[in-house]
Each structure stands twice: as C-alpha cells, then as structure tokens.
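Chain by chain, the residues:
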Amino acid sequence: MLLGPVVGADPTEWERMIAVNVQGLLHTTHAALPHLLKAGQDDPRQVADIVNISSIAGREAWNGYGVYNLTKFGVNGFTESLRKEITQRHVRVGVLEPGGVATELTSHNDHKPDIREATAAFFEQTEVLQPEDIADGVAYMVTRPRHASIGELWIMPTDQA
C-alpha cells in the first residue's frame, strides 16, 4: 500500500496498487459481465448484482494517500459509468464505500508516525469497521427488492460516545 507524498514515490508500488485496485476490477468485470447479462436473458426472473468495493477515499482525498485516492476515485468512476451502461433491469451495479476499516492498511501504518498521526483523530473518534461489516453492506445491497436500486452505499463506523 503506497502511502506518503506522491512526489518521489516508488513507481513499482504505484503499478502494484493500480494493478490491484483498477486493473483487477476491469479484468473481473470483463470476465463476469457477459455471464450476468446472459443469465438474465435466459431467465428474466434472475437478478444479478455487481457491487464494487471502494473506499470513502474515493470521495474525499486524504493527505498522504495520493495513489490510493487515485485508484479509489477510479473505482467510483468506473462503477458509475458501468451503472449507466447496464440498462437491463436484471443487472444492478453499485459501489460500497466503507470508511475506517481494519485492514492490512491500518496495520501497515502502525510503524509510520506521520501517517498514524494524520489518521489518529479519525480512529480515536469512531468504532473501526471489521471485514464482516463489509460483508453485511454487500448483503444489504444484493438482497434489496428486485425493483430497488442502490447506486452507492456508504458505511461508516459509529461514534463510540
């Protein structure tokens, strides 16, 4: 996970993050979408959901997260474009944007005082989401009624106070 100033960043880390967050999304969508579209043509009662996982960083740029922000803004833009392209009612497209999640990123930052200091206020004021919270958000999006559409869903930790 590339954190820190954009200037002077290691291009190898940029490429790795872009490969995971952007190219991975493109390849997965390219492989799955034809099957989802065909399934709805074969059985109109079928509903397929595409839920891309982004981050609140796809809406709000954070200092020190330049390339991460770039990739998450890309996920959001790609998802919105795909949602507008997919006009069949049996395929719904949405993006889940969590904030404050316990991931490898949070533990990666434990030994970086500048990043830890920049995010300390946020993490001190909220309950950190766990991976099962992300699963709950996805489940909520895909179990909504067939006629309902959720373009984006933000899930944020609640205040501890």
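Residues numbered from 1 in each chain as written. Predicted model: local features only at pLDDT ≥ 70, side-chain atom pairs only at ≥ 80, totals over all residues. Heavy atoms only, no water.

1. A closer look at the overall build of the protein
Here is the rule we go by: Secondary structure is summarised from DSSP: a helix means a run of H or I of at least four residues, a strand means a run of E of at least two, and numbering begins at the N terminus for each. Think of it in three bands: with a 1.4 Å probe and only protein chains considered, a residue is buried below 20% of the maximum accessible area for its type, exposed above 50%, and partly exposed in between. Contact definition: two residues touch when any of their heavy atoms are within 4.5 Å. Using a 1.4 Å probe, accessible areas were evaluated by the Shrake-Rupley method; residue-level cover was limited to the displayed protein chains.
Secondary structure summary: the protein contains five helices and three strands in total. Going residue by residue from the N terminus, the α and β elements of the protein occur as α-β-α-β-α-α-α-β. Burial status across the protein gives 37% buried among its 161 residues. Taking as baseline every contact in the protein between residues at least 6 positions apart, the subset at least 24 positions apart corresponds to 72%. For the protein, the exposed area adds up to about 9700 Å²; of that, 57% sits on carbon and sulfur atoms.

2. Notes on the pattern of salt bridges
It is possible for side chains of opposite charge to pair when their charged atoms get near one another. Basically, it comes down to this: One speaks of a salt bridge when a side-chain nitrogen belonging to Lys or Arg is within 4 Å of a carboxyl oxygen belonging to Asp or Glu.
Taken as a whole and judged by the stated rule, the model has seven salt bridges. Glutamate 97 is paired through a salt bridge with arginine 59; the nearest N and O atoms lie 3.1 Å apart. On the criterion of sequence distance, the pair formed by glutamate 97 in strand 2 (residues 91-98) and arginine 59 in the loop between strand 1 (48-53) and helix 2 (66-85) is long-range, its members being 38 residues apart. Classification of glutamate 97 as buried rests on a relative accessible area of 0%. If you follow the salt bridges from partner to partner, you end up with Asp49, Arg92 and Arg144 in one network.

3. Focus: the pairing of strand 3 (residues 152-155)
A regular strand carries its side chains on alternate faces of the sheet. For the record, the criterion: The rule for pairing is simple: two strands pair if DSSP sees at least two bridges between them.
Burial along strand 3 is one-sided: Leu153 and Ile155 are buried, while Glu152 and Trp154, pointing the other way, are not. Note that strand 2 and strand 3 share four bridges and pair parallel. Its bridge partner lying in strand 3, proline 98 is registered against isoleucine 155.

4. A short note on the nonpolar core
Selection rule: For our purposes a nonpolar core is just a set of buried Ala, Val, Leu, Ile, Met, Phe, Trp, Tyr and Cys residues, chained together by side-chain atoms within 4.5 Å.
Within the largest apolar cluster, nine residues are counted, these being Val51, Leu96, Val101, Leu129, Ile134, Met141, Ile150, Leu153 and Ile155. Among the secondary structure elements, those contributing two or more residues to this core are helix 5 (131-142) and strand 3.

5. Concerning the confidence of the model for the protein
Caution applies to low-pLDDT parts of the model: their predicted coordinates are not meant to be read in detail. So the rule is basically this: Confidence of the prediction at every residue is given by pLDDT, a number between 0 and 100.
On average, residues of the protein score 81 in pLDDT, and 79% of them reach the 70 mark or higher. Here helix 3 (residues 104-108) is the element of the protein with the lowest mean pLDDT, 64, and helix 5 is the one with the highest, 91.

6. A closer look at the side chain of arginine 144
Stated precisely, the cut-off is as follows: Here a polar contact is taken to be a pair of N or O atoms separated by no more than 3.5 Å, where protein atoms must pair a possible hydrogen donor with a possible acceptor and residues adjacent in sequence count only if both atoms sit in side chains.
Tracing the backbone shows arginine 144 in the loop between helix 5 and strand 3. Relative accessible area serves as the criterion here: at 10%, arginine 144 is assigned to the buried category. Of note is the side chain of arginine 144, whose polar atom sits 3.3 Å from the side chain of aspartate 49. If we skip the residues at most four places from it in the chain, arginine 144 touches Asp49, Arg92, Ser149 and Ile150.

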